Amino acid sequence: MVRVLIESTGEQREFRALKSVTQLLNRLGLKSTEVLVIRGRELLTPDRMIGHEGDIRIRHVVSRG
Amino acid sequence: MKCRRCSELAQVRLPSHHTGFCASCFETYFLRQVERGIHEHKQFSKEDRLLLAVSGGKDSLGLLLALSKLEYDVTALHIDLGIPVSSQSARSTVEAYCAAHSIKLHVLETTEKGLPIPEVKKRVNRPICSVCGKIKRHWFNRFAYENGYNVLATGHNLDDEVARLFANTLRWDQAYLAGQGPVSPAEGRFVRKVKPLCRLTEYETAVWCFLNGIEHVLAACPYSAGASFTGHKKLLADLEERSPGMKMQFYEHFLQRGKPAFQAIRAEAPPLNECARCGYPSSMEVCGVCRIKEQLEA
Ligand code: SF4
Ligand SMILES: [Zn+2]
Ligand SMILES: [Zn+2]
């Protein structure tokens with residue numbers, strides 16, 4: 001399973017498999033410059049492959065206050 | 001995707017520059033863009049006494065780090081608004097951050113100045129964020145002026161500037177369009193105001209913060225009903241996606257071609273008065289902040 005945490009809402013999503021970051025962003029309806037896609041200490045560009053497992057965090061870039 | 005500079009695996013893709021960077025080349029890129037914004041617009045130099053308004057949000061902390069890496073003489077000023085939970089959280093974040101990085105910090109409490117924000121909210125019958133913003137701007141400037149800082153910097157980025165420009169344009173607000181930009185010159189008791197992140201987007205700033213371990217999430221202000229210009233930012237993001245680089249172009253062309261025209265129109269506008277109570281510039285006899293204070297004292 002690929003587990004995806006949307007930090008802004010705390011929502012957790014699971015996907016059986018994801019081809020790429022672009023596919024993940026499309027599934028979530030997000031633009032690539034709207035969020036950081038974080039895996040461990042690393043940022044993933046849209047062309048990166050994801051596969052069947054892993055933990056990913058989605059961080060919105062819009063600043064508050 | 002590979003880094004354009006060193007061919008390592010890229011971590012950041014920047015469509016507006018048709019490029020991508022690894023973490024360490026992104027650091028170089030980011031600092032260069034900050035420097036370029038500062039020089040291009042003659043914002044300040046290493047000789048200036050620079051005060052940075054630090055809210056505790058990522059933009060201001062990220063900018064503080066960038067300016068100290070670039071070896072500017074920068075001091076931070078945090079304004080404690082006296083709002084339960086969120087103000088404590090913001091203040092302790094800023095204090096811990098400045099202590100860890102050996103950055104000089106001042107904290108000013110609005111309560112001490114007779115303006116605790118929860119009290120202001122109770123007594124003033126206007127949207128609290130515009131009143132709160134007015135109070136913060138007044139005290140940032142006044143603190144700088146009274147303490148010998150000649151330049152006041154804020155963490156506004158390109159997206160903030162473009163969204164504001166878009167809003168001002170929708171209203172064709174001549175006064176604001178004449179004054180908007182990365183530098184507002186000193187005038188009377190107004191110190192020079194600058195925006196060193198004017199060439200960097202929200203996305204780039206978030207990347208910078210992530211790569212530098214600035215991850216603290218602040219407790220949200222209980223009065224925030226969504227950040228300002230959120231709707232405009234969405235629209236502009238759609239445009240940017242269709243034509244990468246459009247935001248920067250809109251802003252730069254405004255500065256080159258639009259702003260001078262509005263400045264010419266406004267050249268005849270009457271100069272600001274000095275507030276009869278505090279002496280700081282105002283278009284009225286008594287400035288907005290002194291009027292709020294009087295309302296609270298009544
Ligand atoms: S959200 Fe509004 S009230 Fe709260 S700190 Fe920001 S400007 Fe002030
Ligand atoms: Zn590189
Ligand atoms: Zn006044």
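Just so it is clear, the model here is predicted, and its values are computed rather than measured. (Residues numbered from 1 in each chain as written. Chains lettered and ligands numbered in written order. Predicted model: local features only at pLDDT ≥ 70, side-chain atom pairs only at ≥ 80, totals over all residues. Heavy atoms only, no water.)

So, on to the site of ligand 1. Residues in close proximity to ligand 1 include Leu-81, Cys-129, Cys-132, Lys-136, Cys-221, Tyr-223 and Ser-224 of chain B, which together make up its full environment. In terms of residue class, the shell around ligand 1 is made up of five nonpolar, one polar and one charged. (Near = heavy atom within 4 Å. Nonpolar A, V, L, I, M, F, W, Y, C, P; charged D, E, K, R; others polar.)

We now examine the pairing of strand 3 (residues 50-53) of chain B. Residue and element names in this part refer to chain B. Going residue by residue along strand 3, you find Leu-50 and Leu-52 tucked away on one face and Leu-51 and Ala-53 tucked away on the opposite face as well. The pairing of strand 3 with strand 4 (residues 74-80) spans four bridges and is classified as parallel. The partner of Leu-50 across the bridge, within strand 4, is Val-74. As a crossover connection, the stretch from strand 3 through helix 2 (residues 58-69) into strand 4 is right-handed. (Buried < 20%, exposed > 50% of the residue type's maximum accessible area, 1.4 Å probe, protein only. Helix = DSSP H or I, 4+ residues; strand = E, 2+ residues; numbered from the N terminus. Pairing = 2+ DSSP bridges. Right-handed = clockwise from strand over helix to strand, strands pointing away.)

Moving on, we come to the coordination of the zinc ion (ligand 2). Tetrahedral coordination by four donors puts the ideal angle at the metal at 109.5 degrees, and octahedral coordination by six puts it at 90 or 180 degrees. Residues and elements named next belong to chain B. Protein coordination at the zinc ion (ligand 2): the donors are Cys-3 (SG), Cys-6 (SG), Cys-22 (SG) and Cys-25 (SG), at 2.2 to 2.4 Å from the metal. Geometry at the zinc ion (ligand 2) is tetrahedral, judged from its four donor atoms and the angles of 101 to 118° they form at the metal. Here the donor residues of the zinc ion (ligand 2) are spaced in sequence according to C-x2-C-x15-C-x2-C. Note that Cys-6 is positioned in the segment before strand 1 (12-14) and Cys-22 in the loop between strand 2 (19-21) and helix 1 (23-40), a separation of 16 residues in sequence. (Donors = N, O, S within 2.8 Å, 3.2 Å for Na, K, Ca; no water. Tetrahedral: all angles 85-135°; square planar, octahedral: opposite > 155°, others 65-115°.)

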